[in-house]
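# An overview of the molecular structure
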Amino acid sequence: MEQRLANTWKMTVNEKKFIETALVADIRVDGRRPFDYRRLTIKFGREDGSSEVQLGQTHVMGFVTSELVQPYRDRQNEGTLSIFTEFSPMADPSFEAGRAGESAVELARIIDRGLRESRAVDMESLCVIAGKLVWAIRVDLHILDNGGNLVDAANIAALAALSTFRRPEFTLGGEGGQEVIIHPPEVREPLPLVIHHFPIAVTFGFFGDDNIVVIDPTHKEESVMGGRMIATLNTNGDICAIQKAGRVAIMHTVIMQCLRIASVKAGDITSKIKNAVESYNTERALRKIKRHSSAALDVHKPVADWETQNQSVDQKRMSDLPGHQERLKPISKESGVSQSNNMEEVLTPNKPPEESTDEKPSETESDQLNADIMPAHSPDGAVGTVVETNRKNTLADAVKPKHKRKKKSSSNIDAS
């Protein structure tokens, strides 16, 4: 205890008077107005249920985990939600290492009251088997740097972590459906928590007897202020929790003014949390897309081009077959076969190729054929008819005409 008090940072009297005098003139040390928040930054880790919030110089990290436990006897069909805080001496020399101090316990109770008593998280959706198994949600908040107003920063970190957390999917099997089968994320997509609203904690600091009010006090202002009030509200204006500390008396009108301001600030912070969560979900969906290499088709081509491309692909596949080249070999050797004969041989691969009876004409024969085809010129200049000189003899040529046979018979009679 003595060591903790020795490490506590103390302000001088002149510093305290300077801060109080500046607040009377509506001026704060960091240049903000009395009801302005510091810069808020919300980040997320690679895993679901992890968040990192920075509010000015205050830095807080939140992690959410889950496990199956037995429910409470008075709430057998509801899950559980618990908040744990860890204060490190690295964040503030006044924090003790290895044990939770008064400030750590107070911070955990304020956030737990705002989340659990307002029924922000649907506890009945965490029930697995009524009276036997439910999901227990645990939120761990780690204070990395104490720059003042730890309650607001830790509350935002808890809400952001709960918004991105996903519990494993399960099914019931076995005899009577009492066996729980938990599926890994690769088999079934985990399920997010059901969050009805966002209870936002807004901290007010009071200075002097004149009830000078500021919002989001810094570490130096907390050492000077005489009291504080933490109001937890949602975007609908519902008051989830109120906690007042200090011995400064606060007027009723001042409290109502603080609640109106807190309602506006709660709406702004809620929109920032939702935008950050939406961006994280978009990045998460892009990381899970599996890209496969496939043949690219131009969608702007007409259907005829697609059919041509498909035919070329089919021809390529046919050429890859082992028996396709063998069937084409005898066809390529035969030069005198027409196109129709080639098609018949391709369609009937088992049929042996027929030998062609026609031989290729020689050069002299081709010249003689050309001479026979060309028209013959008569001495009179008239064009003669085409005569086939190399026509083959047929059976009709072996039979003589009747008029020739009659003349031959008559000449034989005259001779006798």
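Summed over all chains, the structure comprises two aromatic pairs. Taking the centre distance of 5.2 Å and the plane angle of 40° together, the rings of Phe44 and Tyr280 count as tilted. Taken together, the residues Phe44 in strand β1 (residues 40-44) and Tyr280 in helix α6 (residues 252-287) connect sequence positions 236 residues apart. By relative accessible area, Tyr280 is classed as buried at 4%. Aromatic pair Trp135 and Phe170: ring centres 6.5 Å apart, planes at 55°, arrangement tilted. Residue Trp135 is located in strand β6 (residues 133-145), and its partner Phe170 is located in strand β8 (residues 170-173); the two are separated by 35 residues in the primary sequence.

Turning our eyes to something else, we now look at the pattern of salt bridges. Here the structure, examined in full by the defined rule, presents eleven salt bridges. In this structure, the salt-bridge partner of Arg228 is Glu106, at a minimum N-O distance of 3.1 Å. Of this pair, Arg228 sits in strand β13 (residues 227-233) while Glu106 sits in helix α3 (residues 102-116), and the two are 122 residues apart along the sequence. The shortest N-O distance in the salt bridge between Arg116 and Asp112 comes to 2.7 Å. With Arg116 and Asp112 both in helix α3, this residue pair falls four residues apart, about one helical turn. Overall, Arg116 belongs to the partly exposed group, its relative accessible area being 40%. A relative accessible area of 14% means that Asp112 is categorised as buried. If you follow the salt bridges from partner to partner, you end up with Asp30, Arg32, Arg38 and Asp216 in one network.

With phi around 60°, Asp26 is a residue other than glycine that occupies positive phi space. Within the element layout of this structure, Asp26 appears in the loop between α2 (13-24) and β1. A residue is classified by how much of its surface remains accessible, and Asp26, at 53% relative accessible area, is exposed. In the Ramachandran plot, Asn149 falls in the positive-phi region, its phi being about 60° despite a non-glycine side chain. Position of Asn149 among the secondary structure elements: in the loop between β6 and α4 (150-164).

Two elements in contact, α3 and α4, have axes whose closest approach is 10 Å; the angle formed by their N-to-C orientations is 50°. The angle between the axes of α3 and α4 places the two elements in the oblique class. Crossing hand, α3 versus α4: right-handed. On α4, the residues touching Leu107, Ile110, Ile111 and Leu115 of α3 are Leu150, Val151, Ala154, Asn155, Ala158, Leu159 and Leu162. Classifying every residue of the contact of α3 with α4 gives ten nonpolar, one polar and no charged.

What follows concerns the nonpolar core. Leu162, Phe204 and Ile273 are the most contacted members of the largest nonpolar core, which totals 64 residues. Here the element with the most residues in this core is α4; it accounts for eleven residues. Sequence-distant contacts of Ile273, defined by excluding residues within four places in its chain, comprise Ile42, Ile156, Leu159, Ala160, Phe198 and Ile200. Ranked by size, the runner-up nonpolar core spans eight residues in total, among them Met11, Ile19, Leu23 and Val224.

Basis of the calculations
- Residues numbered from 1 in each chain as written.
- Predicted model: local features only at pLDDT ≥ 70, side-chain atom pairs only at ≥ 80, totals over all residues.
- Heavy atoms only, no water.
- Phe/Tyr/Trp six-rings, centres within 6.5 Å; stacked < 30°, edge-to-face > 60°.
- Helix = DSSP H or I, 4+ residues; strand = E, 2+ residues; numbered from the N terminus.
- Buried < 20%, exposed > 50% of the residue type's maximum accessible area, 1.4 Å probe, protein only.
- Salt bridge = Lys/Arg side-chain N within 4 Å of Asp/Glu carboxyl O.
- Axes fitted to C-alpha atoms, helices over the stretch in contact; angles between N-to-C directions.
- Parallel < 35°, antiparallel > 145°, perpendicular 65-115°, else oblique.
- Left-handed = near helix turned anticlockwise from the far one by under 90°.
- Contact = heavy atoms within 4.5 Å.
- Nonpolar A, V, L, I, M, F, W, Y, C, P; charged D, E, K, R; others polar.
- Core = buried A, V, L, I, M, F, W, Y, C linked by side-chain atoms within 4.5 Å.

Keep in mind that these numbers describe shape and distance, not what the molecule does.
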